[in-house]
Amino acid sequence: MRILLTGASGLLGLNFGLRFASEQQITGVVYSHAFTQTPFSMIVTDLSQERNVDKLIENSKPDVVINCAAIANLEECEKKPQEAHMLNGEFPGWLAEKCDNLSIKLVHISTDAVFDGKKKGKYNETDIPKPMSVYAQSKLAGEQAVRQIDQDALVLRVNFYGFSFSGRRSLAEFFLRNLENGAPVKGFTDVFFCPLYVIDMVEYLMQAVEKQLRGLYHLCSVESLSKYDFGLHIARVFNLDANLISPITVSDVDFIQAPRSKNLVLDTGKIEQALGRATPSQAEGLARFHHDFQDGYAMRLQTLV
Ligand SMILES: NC(=O)c1ccc[n+]([C@@H]2O[C@H](COP(=O)([O-])OP(=O)(O)OC[C@H]3O[C@@H](n4cnc5c(N)ncnc54)[C@H](OP(=O)(O)O)[C@@H]3O)[C@@H](O)[C@H]2O)c1
């Protein structure tokens, strides 16, 4: 399959590209990080310009576009709302238009953050989103544009962790780096989520493409936990000192501006039924994350730049 992968330098895109480079014909699209050592080719372009998007799709004519490009940092989105709305909200619609016209399969990545977290229990695909931050509003606008324009597109609301080229992109890397250095950290006891190890994420995503799924699905771990408990699990799996992690609540901190939902727990029933298998538990995902670390994967990513 010829796959055009936007956001190919990001946490999700880079791991997707590395996992499938030997099996699929992948072209990555990046903006400020043009790696030279990846096993797939890279195109540098600014996707917040519509003419660049048109040119990119017309020139490459892939079978599938996987859209992982975004401004995914909540605080950055609060500071640059125009840029966030352009890339997260407008650009997916331009992409959907092009893909729909040329019969190219589009997979668009959205987020668990589209909900306000007030629901008791898991969110499923029929629950009404109520975004709280600029990031969440812009991401909801993006997924709505895609779904309106391209009925064949697959939209996945996700949450994941894993290794990035900078070593600073995911919550798991934050806990791991600090605990390894013996530095004390804090973890929220009142924010619940269901993160999936990114390599599991990209494999489920690929299976969803092969099964030709379309429409909206929630894809994350079947098991939820607090961010504090996630830190404790990492300490345990990596045999690090869990006492370095102190419990805090969202109201205890003043260093975050973007409003955040405390319940980010998604129901994975729809995708599990479509793919015929459950998504991994936290123990399964973290075991694989640990195995890849032992295998030198995190270090390898940092040599790609
Ligand atoms: N991380 C999570 O847990 C999480 C949770 C829920 C949803 N998501 C969603 O998952 C997707 C991937 O997130 P991620 O964590 O992998 O993001 P990331 O690590 O921040 O990567 C963002 C990517 O977008 C690219 N990009 C930014 N501005 C661009 C522009 N103007 N033109 C072209 N490309 C541009 C970046 O390219 P350069 O680096 O080359 O500039 C980078 O490759 C996003 O849709 C995000 O909303 C993530």
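Given the structure is predicted, the values throughout are model-derived calculations rather than measurements.

J.: Is there a simple way to think about the environment of K80 in this case?
T.: By the secondary structure assignment, K80 is in the loop between α3 (74–79) and α4 (81–101). For the pair K80 and Y135, spaced 55 residues apart in sequence, the C-alpha separation works out to 9.8 Å.

J.: I'm lost on helix α10 (residues 282–294) in this one. Help?
T.: Owing to its 3.6 residues per turn, the α-helix brings residues three or four apart onto one side. Helix length check: α10 (13 residues) gives 18 Å between terminal C-alpha atoms against 18 Å at 1.5 Å per residue, within 8%. Of all the positions in α10, only Q282, G285, L286 and F289 are classed as buried. Looking straight down α10, one finds that the buried residues subtend no more than 95° of arc, so they occupy a single side. Residues of α10 that are exposed and point more than 90 degrees away from the buried face comprise H291 and Q294. On its buried face, α10 is in contact with α6 (171–180), β10 (196–197), α7 (198–210), β12 (225–226) and α8 (227–237). Positioned one or two residues after α10, G296 has a phi angle of 90°, which is positive.

J.: What is the right way to look at the site of the ligand in this model?
T.: G7, G10, Y31, S32 and T111 are the nearest of the 28 residues found near the ligand. No other element matches the three residues that helix α1 (residues 11–20) contributes to the shell around the ligand. For the shell around the ligand, the residue count by class is 15 nonpolar, nine polar and four charged.

J.: For this particular structure, what's the right way to read the packing of α8 against α10?
T.: Between two packed helices, both the angle of their axes relative to each other and the distance between the axes serve to describe the pair. Running from N to C, α8 and α10 point in directions that differ by 50°, and their axes come no closer than 10 Å. Taken together, the axis directions place α8 and α10 in an arrangement best described as oblique. For the pair α8 and α10, the crossing hand works out as right-handed. Counting all contacts with α8, which are made through H233, I234 and V237, the residues of α10 involved are Q282, L286, A287 and H290. Class assignment for the residues of the contact of α8 with α10 results in four nonpolar, three polar and no charged.

J.: Just checking my understanding: could you explain the nonpolar core for this structure?
T.: Across soluble globular proteins, nonpolar side chains have a tendency to be buried as a group. Counting residues in each nonpolar core, the largest one holds 85 residues, and the members touching the most others are L5, L106, L156, V198 and M201. Not counting chain neighbours up to four residues away, the residues in contact with L5 comprise G13, F16, G17, I26, T27, G28, V29, I66 and C68.

J.: When you look at the pairing of strand β5 (residues 105–111) in this model, what are you seeing that I'm missing?
T.: Consecutive side chains of a regular strand alternate in pointing toward one face of the sheet and then the other. Of all seven residues making up β5, seven are buried, and the element is well covered by its neighbours. Burial of β5 is two-sided: the residues K105, V107, I109 and T111 facing one way and the residues L106, H108 and S110 facing the other way are all buried. The pairing of strand β4 (residues 64–67) with β5 spans four bridges and is parallel. Note that in β5 the partner of V65 across the bridge is L106. The pairing of β5 with strand β6 (residues 154–158) spans five bridges and is classified as parallel. For S110, the partnering residue across the bridge sits in β6 and is R157. In this region the chain leaves β5, passes through helix α5 (residues 134–149) and returns to the parallel neighbour β6; the handedness of that crossover is right-handed.

J.: What is the right way to read unusual backbone geometry from this model?
T.: For residues besides glycine, phi is generally negative; the peptide bonds are generally trans as well. Positive phi, normally seen in glycine, also occurs at S103, with a value near 55°. The topology assignment puts S103 in the loop between α4 and β5. Phi angles above zero are rare outside glycine, and Q212 is one such case at about 55°. C-beta crowding within 10 Å serves as the criterion here: with 9 such atoms nearby, Q212 is assigned to the exposed category.

How each quantity is defined
Residues numbered from 1 in each chain as written. Predicted model: local features only at pLDDT ≥ 70, side-chain atom pairs only at ≥ 80, totals over all residues. Helix = DSSP H or I, 4+ residues; strand = E, 2+ residues; numbered from the N terminus. Expected span 1.5 Å × (residues − 1). Buried ≥ 20, exposed ≤ 12 C-beta atoms within 10 Å, placed from the backbone. Arc of directions from axis to C-beta. Contact = placed C-beta atoms within 7 Å. Near = placed C-beta within 6 Å. Nonpolar A, V, L, I, M, F, W, Y, C, P; charged D, E, K, R; others polar. Axes fitted to C-alpha atoms, helices over the stretch in contact; angles between N-to-C directions. Parallel < 35°, antiparallel > 145°, perpendicular 65-115°, else oblique. Left-handed = near helix turned anticlockwise from the far one by under 90°. Core = buried A, V, L, I, M, F, W, Y, C linked by C-beta atoms within 7 Å. Pairing = 2+ DSSP bridges. Right-handed = clockwise from strand over helix to strand, strands pointing away.

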